[in-house]
Amino acid sequence: QQPVQSPQAVILREGEDAVINCSSSKALYSVHWYRQKHGEAPVFLMILLKGGEQKGHDKISASFNEKKQQSSLYLTASQLSYSGTYFCGTEMGTGGFKTIFGAGTRLFVKA
Amino acid sequence: DAGITQSPRYKITETGRQVTLMCHQTWSHSYMFWYRQDLGHGLRLIYYSAAADITDKGEVPDGYVVSRSKTENFPLTLESATRSQTSVYFCASSVGVNSPLHFGNGTRLTVT
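Scoring rules and cut-offs
All chains use their own residue numbering, which begins from 1 and follows the written sequence. The lettering of chains begins at A and the numbering of ligands begins at 1, in the order of writing. Local features in this predicted model are restricted to residues whose pLDDT is 70 or higher, and side-chain atom pairs enter the listing and the counts only when it is 80 or higher, whereas totals over whole chains, interfaces and linings include all residues. Excluding hydrogens and water, the side-chain values take into account all heavy atoms of the structure. Elements are defined by DSSP. Helices are runs of H or I of four residues or more, strands are runs of E of two residues or more, and each kind is numbered from the N terminus. Burial classes follow relative accessibility: with a 1.4 Å probe on protein chains only, a residue under 20% of its type's maximum area counts as buried, one over 50% as exposed, and anything between as partly exposed. In short, DSSP must find at least two bridges between two strands for them to pair. An axis is simply a line fitted to the C-alpha atoms; with a helix, the fit covers only the stretch in contact. Between two such axes, the angle follows the N-to-C directions and lies from 0 to 180 degrees. Throughout, a residue-residue contact means that at least one pair of heavy atoms, one from each residue, lies within 4.5 Å. Summed over both partners, the accessible area lost on bringing two parts together, with a 1.4 Å probe, is the buried area. Definition used for salt bridges: Asp or Glu carboxyl oxygen within 4 Å of a side-chain nitrogen of Lys or Arg. Any pair of nitrogen or oxygen atoms within 3.5 Å is treated as a polar contact; in protein, a donor-acceptor pairing is required on top of that, and neighbouring residues in sequence qualify only through side-chain atoms on both sides. Note on residue categories: nonpolar means Ala, Val, Leu, Ile, Met, Phe, Trp, Tyr, Cys or Pro, charged means Asp, Glu, Lys or Arg, and polar means any other residue, Gly included. Two rings belonging to Phe, Tyr or Trp (six-membered ring only in the last case) form a pair when the distance between their centres is within 6.5 Å. Interplanar angles under 30 degrees mark stacking, angles over 60 mark edge-to-face geometry, and anything in between is tilted. Only buried residues count toward a nonpolar core, which is a set of Ala, Val, Leu, Ile, Met, Phe, Trp, Tyr and Cys residues joined through side-chain atoms within 4.5 Å.

Participant: Now, about the overall build of chain B: what can you tell me, with residues and values included?
Facilitator: The secondary structure content of chain B amounts to 0 helices and 11 strands. In sequence order, chain B lays out its α and β elements as β-β-β-β-β-β-β-β-β-β-β. Taken over the C-alpha atoms alone, chain B extends approximately 35 × 25 × 25 Å along its principal axes. Scored against the burial criterion, the 112 residues of chain B give a buried share of 49%.

Structural data, given as structure tokens:
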């Protein structure tokens, strides 16, 4: 089953913060985060491989709560360039290599 | 140029016709994937491959066929196209488990 992302869409003003959540009914072994701009291919942001792990990239960071089977992506002091659709992906099964994606969260940052 | 390329970028075909979407990568990545993207559904996995001659079904495999005779190529064939297969198709590759996926630029397919 696809992981569930929330919210489905969010509108921000430049400089505001946002959180995107990703949860699964099945055990998560790793979580991927990607961003896709309109008309382009998804681009990799980060992977979290174990529970409790947190990562950051510029002002975008993520956490992974293995017990709760969920991950969150944090966008701090958003910039216009952050606009796009964010996808979380989860690898299914022990040592599985197929990544299943959520339906995406559309983020729009306005000036 | 190194990378992952898909062809064609745009394709219009008629219901019932066979159409093949091509995917080629130059990194020698073991894993390759085909996804379709439709509004409201995100990216759904069609088929994937762990290595040459090893393929397996994803979430939505019906109506599609894949092959992988060489590591660098992973074509996707719609044997008899239907309107419900109108979508944007992305090919991706990965070096291994728990590794980032690298996506091609996509093929926009319209079935009339």
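Participant: Which residues make up the sheet that holds strand β3 (residues 19-25) of chain B, and what values go with them?
Facilitator: Residues and elements named next belong to chain B. Strand order in the open sheet formed by 4 strands is β1-β3-β8-β7, and the pairing between neighbours is antiparallel. Each having just a single partner strand, β1 (4-7) and β7 (64-66) make up the two edges of the open sheet. Along the sheet, successive strands turn relative to each other by an average axial angle of 15 degrees, direction set aside. The sheet contact formed by β1 and β3 spans 4 bridges and is antiparallel. Among the inter-strand pairings, Thr 5 is bridged to a residue of β3, identified as His 24.

Participant: Lay out the sheet that holds strand β1 (residues 4-6) of chain A in plain terms, naming residues and giving numbers.
Facilitator: Residue and element names in this part refer to chain A. Pairing in this open sheet of 5 strands is antiparallel, and the strands run β1-β3-β8-β7-β6 from one edge to the other. The open sheet has two edge strands with one neighbour each: β1 and β6 (54-57). Here the strands of the sheet are splayed against their neighbours by 15 degrees on average, with no regard to which way each runs. Judged from the 3 bridges that link them, β1 and strand β3 (residues 18-23) form a sheet pairing that is antiparallel.

Participant: Can you tell me about the interface of chain A and chain B, naming the residues and giving the values?
Facilitator: The partner chain B presents 24 residues to the 23 residues of chain A that form the contact. For the chain A and chain B pair, buried surface summed over both sides reaches about 1800 Å², with 65% attributable to carbon and sulfur atoms. Where chain A touches chain B, the interface holds 0 salt bridges. Scanning the region where chain A abuts chain B turns up 6 residue pairs in polar contact (both at pLDDT 80 or more). Contributions of two or more residues to the side of chain A that touches chain B are made by β4 (31-36), β5 (43-48), β9 (84-91) and β10 (99-101) of chain A. Of the residues belonging to the side of chain A that touches chain B, the class tally is 11 nonpolar, 8 polar and 4 charged.

Participant: Which residues make up the packing of aromatic side chains, and what values do they have?
Facilitator: All names here are of chain A. Within the structure shown, the criterion is met by 11 aromatic pairs over all chains. Ring geometry for Tyr 34 against Phe 44: centres 5.7 Å apart, planes inclined by 65 degrees, an arrangement best described as edge-to-face. Separated by 10 residues along the polypeptide, Tyr 34 in strand β4 and Phe 44 in strand β5 bring together distant segments of the chain. According to the relative accessible area criterion, Tyr 34 is buried, its value standing at 0%.

Participant: Describe the pattern of salt bridges, and please don't skip the residues or the numbers.
Facilitator: All names here are of chain B. What the rule picks out here adds up to 3 salt bridges over all chains. Across the pair Arg 44 and Asp 38 runs a salt bridge whose closest N-O atoms are separated by 2.9 Å. When sorted by exposure, Arg 44 lands in the same class as Asp 38, which is buried. Overlapping salt bridges, with partners in common, bring together Arg 36, Asp 38 and Arg 44 in one network.

Participant: Residue-level account of the nonpolar core, with values.
Facilitator: Grouped together as the largest cluster of nonpolar side chains are 20 residues, with contacts concentrated most on A:Trp33, A:Met46, A:Leu73, A:Leu75, A:Tyr82, A:Tyr86 and A:Leu107. For this core, the elements supplying multiple residues, two or more each, are β3, β4, β5, β7 (60-65), β8 (70-75), β9 and β11 (105-110) of chain A. Those residues in contact with A:Leu107, other than ones at most four positions away along the chain, are A:Val10, A:Leu12, A:Ala18, A:Leu75, A:Tyr82, A:Ser83, A:Gly84 and A:Tyr86. Of all hydrophobic cores here, the second largest spans 18 residues; its members include B:Met32, B:Trp34, B:Tyr47 and B:Cys91.

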